[in-house]
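# Inside the fold
Residue-level listing of the chains:
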Amino acid sequence: MSEDSLREEVLTARRIVVKVGSSSLTTAAGGLDADRVDALVDAIAKVRSRPDAPEVVLVSSGAIAAGLAPLGLDGRPKDLARQQAAASVGQGLLVARYTASFARYGIRVGQVLLTAEDASRRAHYRNAYRTLDQLLAMGAMPIVNENDTVATAEIKFGDNDRLAALVAHLVRADLLVLLSDVDGLYDGDPAKPGTSRIAEVRGPHDLDGIEIGSAGKAGVGTGGMVTKVEAARIATGAGIPVVLTAASHATDALAGRPTGTLFLRTGSRTSDRMLWLAHASSPRGALHLDAGAVEAVVSAGASLLPAGVTKVDGEFAAGDPVDLLAENGHIVARGLVNFDARELPRLLGRSTRDLAQEFGAAYEREVVHRDDLVVLRG
Ligand SMILES: Nc1ncnc2c1ncn2[C@@H]1O[C@H](COP(=O)(O)OP(=O)(O)O)[C@@H](O)[C@H]1O
Ligand SMILES: N[C@@H](CCC(=O)OP(=O)(O)O)C(=O)O
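Residues numbered from 1 in each chain as written. Chains lettered and ligands numbered in written order. Predicted model: local features only at pLDDT ≥ 70, side-chain atom pairs only at ≥ 80, totals over all residues.

### Thoughts on the overall build of the chain
Each helix and strand in the chain was counted, giving 11 helices and 13 strands. Here the C-alpha radius of gyration of the chain, 22 Å, is about what a compact globule of 378 residues would show, namely 21 Å. Expressed along its principal axes, the backbone C-alpha trace of the chain runs to roughly 70 × 45 × 45 Å. The proportion of buried residues among the 378 residues of the chain is 44%. Sequence separation of 24 or more characterises 73% of the internal contacts of the chain that already satisfy a separation of 6 or more. (Helix = DSSP H or I, 4+ residues; strand = E, 2+ residues; numbered from the N terminus. Rg over C-alpha atoms; globule rule 2.2 N^0.38 Å. Buried ≥ 20, exposed ≤ 12 C-beta atoms within 10 Å, placed from the backbone. Contact = placed C-beta atoms within 7 Å.)

### Structural notes on the environment of Asp183
In this structure, Asp183 sits in the loop between β5 (175-180) and β6 (200-201). Assessed through the 20 C-beta atoms surrounding it within 10 Å, Asp183 is described here as buried. Excluding its chain neighbours within four sequence positions, the residues that come into contact with Asp183 are Arg197, Thr245, Ala246, His249, Thr259 and Gly260.

### Concerning the site of ligand 2
The full set close to ligand 2 counts 18 residues, and Gly21, Ser22, Ser61, Ala63 and Ile64 are the nearest of them. Where the shell around ligand 2 is concerned, the elements lending two or more residues are α3 (63-68), β4 (141-146) and α6 (160-170). Residue contributions to the shell around ligand 2 peak at three residues, all from α3. When its residues are assigned to classes, the shell around ligand 2 shows four nonpolar, 10 polar and four charged. (Near = placed C-beta within 6 Å. Nonpolar A, V, L, I, M, F, W, Y, C, P; charged D, E, K, R; others polar.)

### Section: the sheet that holds strand β13 (residues 373-375)
One open sheet accounts for five strands, arranged β10-β9-β11-β12-β13; its pairing is mixed. The open sheet is flanked by β10 (309-314) and β13, the only strands paired with a single partner. Across the sheet, the axes of successive neighbouring strands diverge by a mean angle of 20 degrees, strand direction being ignored. The pairing of strand β11 (residues 321-325) with strand β12 (residues 331-336) spans five bridges and is antiparallel. Across the sheet, Pro321 pairs through a bridge with Leu336, a residue of β12. (Pairing = 2+ DSSP bridges. Axes fitted to C-alpha atoms, helices over the stretch in contact; angles between N-to-C directions.)

### Concerning the sheet that holds strand β3 (residues 109-114)
Spatially, the eight strands line up as an open sheet ordered β3-β4-β2-β1-β5-β7-β8-β6, and their pairing is mixed. Since the sheet does not close on itself, it has two edges, and those belong to β3 and β6, each with one partner. Where strand β2 (residues 55-60) lies against β4, two bridges are found, and the strand directions are parallel. Across the sheet, the residue bridging to Leu58 is Ile143, located in β4. Against the sheet, helix α2 (residues 34-48) touches β1 (15-20) and β2, its axis set at about 160 degrees to β2. Sheet contacts for α6: β1, β2, β3, β4 and β5; angle to β1, the most-contacted strand, approximately 170 degrees.

### Points about the UniProt feature "binding site: substrate" (unreviewed entry) in the chain
In this numbering, the UniProt entry assigns the feature "binding site: substrate" (unreviewed entry) to Ser61, Asp148 and Asn160. In three dimensions, the annotated residues from a span of 100 residues occupy one location, with a maximal C-alpha spread of 10.9 Å. Residue placement: Ser61 occurs in the loop between β2 and α3. If we ignore the near neighbours within four places in the chain, the residues touching Ser61 are Val20, Gly21, Ser22, Asn145 and Asn160. (UniProt positions renumbered as here; feature names shortened; annotations may be inferred.)

### A few points about the pairing of β3
Note that β3 and β4 share six bridges and pair parallel. Counterpart to Gly110 in the pairing with β4 is Pro142.

### Considerations on the packing of α2 against helix α4 (residues 80-103)
Where α2 contacts α4, the axes come no closer than 9 Å and their chain directions differ by 50 degrees. Considering their axes alone, α2 and α4 lie oblique with respect to each other. Like other packed secondary-structure pairs, α2 and α4 cross with a definite hand, here right-handed. In this structure, α2 uses Ala34, Val37, Asp38 and Val41 to contact α4, whose residues at the interface are Arg97, Tyr98, Ser101 and Phe102. (Parallel < 35°, antiparallel > 145°, perpendicular 65-115°, else oblique. Left-handed = near helix turned anticlockwise from the far one by under 90°.)

### Side note on the packing of α6 against helix α7 (residues 224-237)
Contact geometry of α6 with α7 gives a least axis separation of 8 Å together with a crossing angle of 15 degrees. As summarised for this structure, α6 and α7 are arranged roughly parallel, according to the angle between their axes. As for the relative orientation of α6 and α7, their crossing is right-handed in sense. Contacts from Asp161, Arg162, Ala164, Ala165 and Ala168 of α6 reach α7 at Thr227, Lys228, Glu230, Ala231, Ile234 and Ala235.

### Looking at helix α5 (residues 122-137)
Between its first and last C-alpha atoms α5 spans 22 Å; for 16 residues at 1.5 Å apiece the expected length is 22 Å, and the two agree. Packing partners of the buried residues in α5 comprise β2, β3, β4 and α6. Positive phi shows up at Gly139, right after α5, with a value of about 80 degrees. (Expected span 1.5 Å × (residues − 1).)

### A short note on the nonpolar core
The biggest cluster of nonpolar side chains holds 99 residues, and the ones touching the most others in it are Val17, Ala164, Val167, Ala168, Leu176, Val177 and Ala235. Sorting elements by how many residues they give to this core places α6 first, with seven residues. Domain assignment of the residues forming this core places at least three in each of domain 1 (3-276) and domain 2 (283-375). (Core = buried A, V, L, I, M, F, W, Y, C linked by C-beta atoms within 7 Å. Domains from an automatic or database assignment.)

Here it is in structure tokens:
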């Protein structure tokens, strides 16, 4: 293979997020496959030993799958409680395995467990970034997973593909590598004859007419191809190219060889935790806006004031994510609300000056500050 055909996006990346799925780390019987973990670690250690070594963050699934056999569970349980128990047992085993495997190269690992909700809050987002950045600065290998034992059904990511895209954005990565049990995106179910791998996706139009399935054959993965394509859409839209390939091709992919599917960037970096707010948080309620408020929030980039809110739905506390709805009921934005659901109704339609006079200066605040707000539909 000539040097010319190596992927520029990979070779020039200074910080890479590598995500590996459950199906690439476990045995068919339902336990961690030490050889596959070692093979992945070998591939990552190889990149890190290059003279111009990029930094690598690993997002690893596999906690639930790794906990199944030790708990005597036969296959992935349907109920959340047993999944969480499996994750609790499996996460320890997973990190112990990575710790031993990376130790062969003298590399320390650091466990980072994130929840989708937390990372859209300013302080948590900043702390997550700082921890990851510091681990990298100290030469350690951050290993990220969802904090399965605290994530409830409503707020759960469930799959780690989207989590990986958001982590790539969080750490300002130049590349996201998604490793699965399939060597790329196919133009139909790869189990069927006659389907072929797509080498490059330049934009959403390249996906027209492609059958993107949801179930993995190994039975331990969760999202199938749907969540990978969604993750690729989020990352490339935020300026981060994505390589999707098989875990067994990790060494080639990280060396820039044209394995798997390359998704080219379609946009540029968006504001920090707004991406998490848009793609990771679950709204706890909704605020109905009048036409003037929609205009102010969507077109003028203004904060949402009590005067423009006509109705409040849901049970939320100050700091929770809520959807902002236009008069026709369409969601136009999502933001972190500054008031509890119970406080808000008596403030609606009133000017902040009025409210400050009647209830005190604390009530002069915006309902949603523009820094805590992401427009979803213009
Ligand atoms: N168009 C497609 N191209 C490639 N794989 C697909 C496609 N549609 C469905 N799949 C399935 O998606 C699976 C990968 O998803 P999943 O099992 O969730 O993996 P992981 O555990 O790596 O996250 C593949 O094994 C494949 O069967
Ligand atoms: N946090 C979960 C990830 C869920 C999962 O299976 O994800 P994936 O295999 O990436 O589709 C775990 O570690 O089991």
